[in-house]
Amino acid sequence: MERIIRHFLGNNISFNSDQLQETADLLENGRQPGTPRHVGGTDDEDPISESYSLEPLSTNTMHYSGELSHWNFSKMIRRRLQSLGSPKEQNDGSHLTDGFFRATGLQSASSCVASATAYFPPRDIAEFLTDTFLQYAQTNYFYFDENVFREKLDFYYSIDRPLVIDDAGWICTLLMTFAIGTQFAYMQTAPTQGNPPFSEDIPDDRIGLELYRFSCRLIPDLITTASLETVQAFLLLGVYTLPIDTAGLAYTYYGLAIKMAIQNGMHRKLIAPTIPPLTVEWRNRLWWTAYSLESRISILHGRPVSVSPSETDADMPTDLPDILPQSGISNLPNVTATIHLTRELGRLAQVILQLRRCPRSHQETYLHKLCNLKTELIKWWDSLPTRVHCRDLSPTGPLFRGNVHLELNYATGTIYMGRPFIFLQKESMDASQTEGSNRTELVRAFSADCAQAAVRIIDLCQLLQDSVGLARVSYTEFSSCRAALLALIAQRLTEPSERICNALTHGMGLIRQMCVGLESARSEVAVIEALERACQQLDRSSDQGNSTASSETGYDQFQKWAKLWRLGPLSSEAFPAAEGISSPENLGNIPSFDGFFSSFPQELDAFAAIPGLEDNPAPQPSIWPIPDALLTLPDNDDSLWEAGGAL
């Protein structure tokens with residue numbers, strides 16, 4: 001039997017019981033094994049159908065070789081030589097890791113990880129920050145096994161040996177968990193309803209910043225280690241920077257987490273009975289967390305997604321009794337729902353891109369495809385559980401914030417789908433006179449769904465504020481509220497209504513509370529304030545024109561306009577320039593707004609030159625001065641949402 005097996009599978013096959021069991025499982029799943037834990041490869045295989053291989057380097061590190069890689073082709077040659085009677089290689093174990101190399105020689109000679117314990121808070125504070133992270137920051141994702149994390153906490157607080165480079169992954173995981181805990185620590189207080197405990201100077205931020213800065217010193221060693229723990233560490237670095245620099249640092253950290261995960265083959269299905277099921281499950285959970293976060297940030301900020309769904313076949317997260325959190329309630333249904341929403345967001349983005357690029361004669365086809373996606377998404381949402389998980393919005397429920405965040409993501413997807421059509425309603429109505437009303441109905445339906453989702457987001461944010469409080473560092477809460485306000489402003493320009501205006505006013509009050517202490521958030525809110533102010537001035541100008549038209553002669557109106565025009569189309573009193581900015585050509589250090597300007601037509605800059613501005617009451621000053629140049633849309637905006645370009 002050994003001779004028969006070696007003839008078909010090569011001389012590298014092992015005959016211990018575990019290896020034989022793994023080989024049988026691979027064959028049963030339709031895959032032909034080669035070397036240990038090698039997926040794919042037969043003696044008669046076509047070179048263009050090479051599969052992938054996963055080779056364990058340690059208990060927490062694996063090496064992945066993808067299809068058509070040099071490594072897999074070399075293994076194919078070796079198997080072919082063996083099938084032709086090549087002499088058996090010496091079994092010195094080198095074939096198991098031959099060609100797998102990690103540049104450990106580039107690691108720090110004396111890593112700074114040795115001084116990490118100086119940054120550990122007292123043990124009771126560490127427990128408090130860990131509980132805060134799990135309660136407020138984790139929501140609908142997995143970042144680590146809580147039980148293993150607490151075991152590591154015990155270990156590193158009682159360790160009596162110097163820390164070494166292999167500890168860097170868990171050390172960074174611990175420190176960044178503490179740092180993120182400081183961001184949400186204030187939520188453990190009991191705020192007065194409608195008066196959150198926000199202030200401009202928050203000492204918790206300074207503590208978290210020191211922990212973050214030290215963790216950054218570990219990054220070079222984390223990259224060269226490239227283990228399961230480094231994926232955790234980069235995910236947590238991304239979570240910490242998400243409210244600070246979403247499309248910059250957070251996007252980069254999530255990209256690094258994706259790269260580390262791919263290097264370990266976490267994006268592929270792993271069939272290996274010799275590897276503990278708990279390890280396999282956490283590989284899957286970390287992969288899908290990294291995939292969901294990186295894909296969502298990339299899509300919403302107009303960046304390329306690192307990995308497409310067609311390139312991954314890792315198993316979805318499953319429930320295992322060994323990794324049930326201490327609360328006894330798993331957030332697994334919310335996690336799987338978040339993964340599904342991320343995939344659907346990617347599908348929506350692809351259809352809308354095709355819609356933008358296709359000729360007008362094919363637009364209705366893609367409109368119907370988008371409509372079908374919307375119908376599927378609504379049907380799926382209605383099928384989710386309504387008790388404890390997903391759609392249970394009872395403030396006393398154990399997963400209340402996670403459930404609200406899930407619906408915020410769902411509503412944001414609806415806005416993302418309908419936002420390009422807001423400014424196309426009038427155009428579609430005019431075109432319907434000659435092309436029929438089907439296209440018009442679809443455009444108006446998408447626009448109406450977008451407005452309804454925006455109002456729903458404001459209601460959900462208010463629900464959070466009235467119960468556990470809004471989190472000033474929650475990307476989900478802030479970004480969904482911002483997307484809703486932009487959609488409401490756009491809707492107000494096309495079809496103003498009392499409901500839209502009330503939701504807009506209400507939402508502006510909520511988002512101002514969330515941006516305290518965060519410079520990037522303040523700048524983004526300032527842009528929304530400027531646009532909302534321009535809408536108000538447009539309304540007042542229109543009302544004044546209607547009321548004075550009967551009492552003023554045409555010449556009187558002309559004189560009034562001419563007098564105002566001499567003051568300049570943009571008054572420095574109405575829109576003070578930011579410090580250090582002397583002209584539109586000298587923009588200074590102005591934050592990027594990630595393409596969200598493209599939610600509005602390029603004619604928006606005309607609002608700043610409406611005659612009669614100075615006769616209107618002085619606008620309320622924003623919390624951050626807005627330069628004139630920020631009210632002019634960029635000409636080279638490459639966002640997915642170039643208004644008017646969708647159809």
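Residues numbered from 1 in each chain as written. Predicted model: local features only at pLDDT ≥ 70, side-chain atom pairs only at ≥ 80, totals over all residues. Heavy atoms only, no water.

S.K.: Just to check I follow, could you spell out the overall build of the chain for this structure?
M.R.: Looking only at helices and strands, the chain features 21 helices and 2 strands. Long-range pairs, those at least 24 residues apart, make up 75% of the contacts in the chain with a sequence separation of at least 6. Carbon and sulfur atoms provide 53% of the accessible area of the chain, an area that totals close to 29,200 Å². (Helix = DSSP H or I, 4+ residues; strand = E, 2+ residues; numbered from the N terminus. Contact = heavy atoms within 4.5 Å. Areas by Shrake-Rupley, 256 points an atom, 1.4 Å probe, with all protein chains shown as cover.)

S.K.: Just to check I follow, could you spell out the confidence of the model for the chain for this structure?
M.R.: On average, residues of the chain carry a pLDDT of 76, and 67% of them reach 70 or more. Scored below 50 in pLDDT, residues 564–647 shows 144 contacts in the model against residues more than four places distant or in partner chains. (pLDDT = per-residue confidence, 0-100.)

S.K.: What am I meant to see in the pairing of strand β2 (residues 62–65) here?
M.R.: A regular strand places its side chains on the two faces of the sheet in alternate fashion. Burial of β2 is two-sided: the residues M62 and Y64 facing one way and the residues H63 and S65 facing the other way are all buried. Two strands pair when backbone bridges link them, and strand β1 (residues 53–56) and β2 are joined in this way by 4 bridges, in the antiparallel orientation. Bridge pairing in β2 links S53 to S65. With antiparallel pairing between neighbouring strands as the criterion, β1 and β2 make up a hairpin whose turn holds 5 residues. (Buried < 20%, exposed > 50% of the residue type's maximum accessible area, 1.4 Å probe, protein only. Pairing = 2+ DSSP bridges.)

S.K.: Can you help me understand the packing of helix α14 (residues 363–382) against helix α17 (residues 438–466) in this one?
M.R.: Each pair of packed helices can be summarised by the angle the axes make with each other and by the distance between the axes. Contact geometry of α14 with α17 gives a least axis separation of 11 Å together with a crossing angle of 40°. As far as their axial angle goes, α17 and α14 are oblique. Crossing of α14 over α17 shows left-handed handedness. Contact with α14, carried on its side by Q363, E364, L367, H368, L370, C371 and K374, involves N438, R439, L442, A445, F446 and D449 of α17 and no other residues of that element. Within the contact of α14 with α17, the residues separate by chemical class into 6 nonpolar, 3 polar and 4 charged. (Axes fitted to C-alpha atoms, helices over the stretch in contact; angles between N-to-C directions. Parallel < 35°, antiparallel > 145°, perpendicular 65-115°, else oblique. Left-handed = near helix turned anticlockwise from the far one by under 90°. Nonpolar A, V, L, I, M, F, W, Y, C, P; charged D, E, K, R; others polar.)

S.K.: Help me out: how do you make sense of the packing of aromatic side chains in this one?
M.R.: Any pair of aromatic rings gets described here by the distance separating the centres and the angle formed by the planes. Counting across every chain of the model gives 17 aromatic pairs. Considering the side-chain rings of F133 and Y143, the 5.8 Å spacing of their centres and the 65° angle between planes classify their relative orientation as edge-to-face. With F133 in helix α5 (residues 123–137) and Y143 in the loop between α5 and α6 (146–158), this pair connects stretches of sequence that are 10 residues apart. Judged by relative accessible area, Y143 falls into the buried class, the value being 3%. Each member of the aromatic cluster is reached from another via a ring pair, and the members are F133, Y141, Y143, F144, F149 and W170. The side chain of R303 reaches across the aromatic face of Y251, ending 4.9 Å from its centre. Geometry around F446 places K374 over its ring, the cationic atom sitting 4.9 Å from the centre. (Phe/Tyr/Trp six-rings, centres within 6.5 Å; stacked < 30°, edge-to-face > 60°. Lys NZ or Arg CZ within 6 Å of the ring centre and 35° of its normal.)

S.K.: Honestly, the pattern of salt bridges in this entry has me stumped. Any pointers?
M.R.: Side-chain pairs of opposite charge can arise where the charged atoms are in close proximity. Per the stated rule, a full pass over the model turns up 16 salt bridges. A salt bridge links R213 to E210; its shortest N-O distance comes to 3.5 Å. Of this pair, R213 and E210 are both found in helix α8 (residues 203–216), 3 residues apart, which corresponds to roughly one turn of the helix. Residue class for E210 comes out partly exposed when judged on its relative accessible area of 41%. Here E344 ties to R347 by a salt bridge, and the two come within 3.0 Å at their closest N and O atoms. Pair noted here: E344 and R347 are both in helix α13 (residues 332–357), with a separation of 3 residues, about one helical turn. (Salt bridge = Lys/Arg side-chain N within 4 Å of Asp/Glu carboxyl O.)

S.K.: Sorry if this is basic, but what is going on with the environment of Y291 here?
M.R.: One can find Y291 in helix α12 (residues 277–300). What makes Y291 buried here is its relative accessible area of 4%. Residues Y291 and T312 lie 21 residues apart in sequence; the distance between their C-alpha atoms is 9.8 Å. Those residues in contact with Y291, other than ones at most four positions away along the chain, are I258, V307, P309, T342 and R343.

S.K.: What should I look at first to understand the nonpolar core in this one?
M.R.: Counting 94 residues, the largest nonpolar core has Y143, I171, L235 and W287 as its most contacted members. The leading source of residues in this core is helix α7 (residues 168–184), at 11 residues. Of all hydrophobic cores here, the second largest spans 40 residues; its members include A451, I458, L486 and L531. (Core = buried A, V, L, I, M, F, W, Y, C linked by side-chain atoms within 4.5 Å.)

S.K.: Teacher, can you tell me more about the packing of helix α10 (residues 228–241) against α12 here?
M.R.: α12 packs onto α10 with a crossing angle of 30° between their chain directions and a minimal axis gap of 11 Å. On the basis of the axis angle, α10 is roughly parallel to α12. For the crossing formed where α10 meets α12, the hand is left-handed. In this structure, α10 contributes L228, V231, Q232 and L235 to the contact, and α12 contributes R283, L286, T289, A290 and L293.

S.K.: Can you walk me through the side chain of E344 in this structure?
M.R.: E344 sits in the buried class, given a relative accessible area of 7%. Once you skip the residues sitting within four places of it in the chain, E344 turns out to touch L373 and L377.

S.K.: Whenever I open this one, empty space enclosed by the protein confuses me. Can you help?
M.R.: In this approach, a probe sized like a water molecule rolls over the atoms, and the result shows the empty space that is left. Enumeration according to the criterion identifies 9 cavities of 30 Å³ or more in this entry. If you add up the space inside the largest cavity, you get close to 260 Å³. Taken together, 23 residues line the largest cavity, and the ones lying closest to its centre are A137, Y141, L242, Y475 and T476. Looking at the lining of the largest cavity, the elements with two or more residues in it are α5, α7, α12, α15 (400–418) and α18 (475–494). Among the residues making up the lining of the largest cavity, the classes are represented as 14 nonpolar, 7 polar and 2 charged. (1 Å grid on protein atoms, 1.4 Å probe; cavity = no way out; pocket = protein on both sides within 12 Å on 5 of 7 lines; lining within 4 Å. Points joined across faces, edges and corners; volume = space filled by probe spheres on them.)

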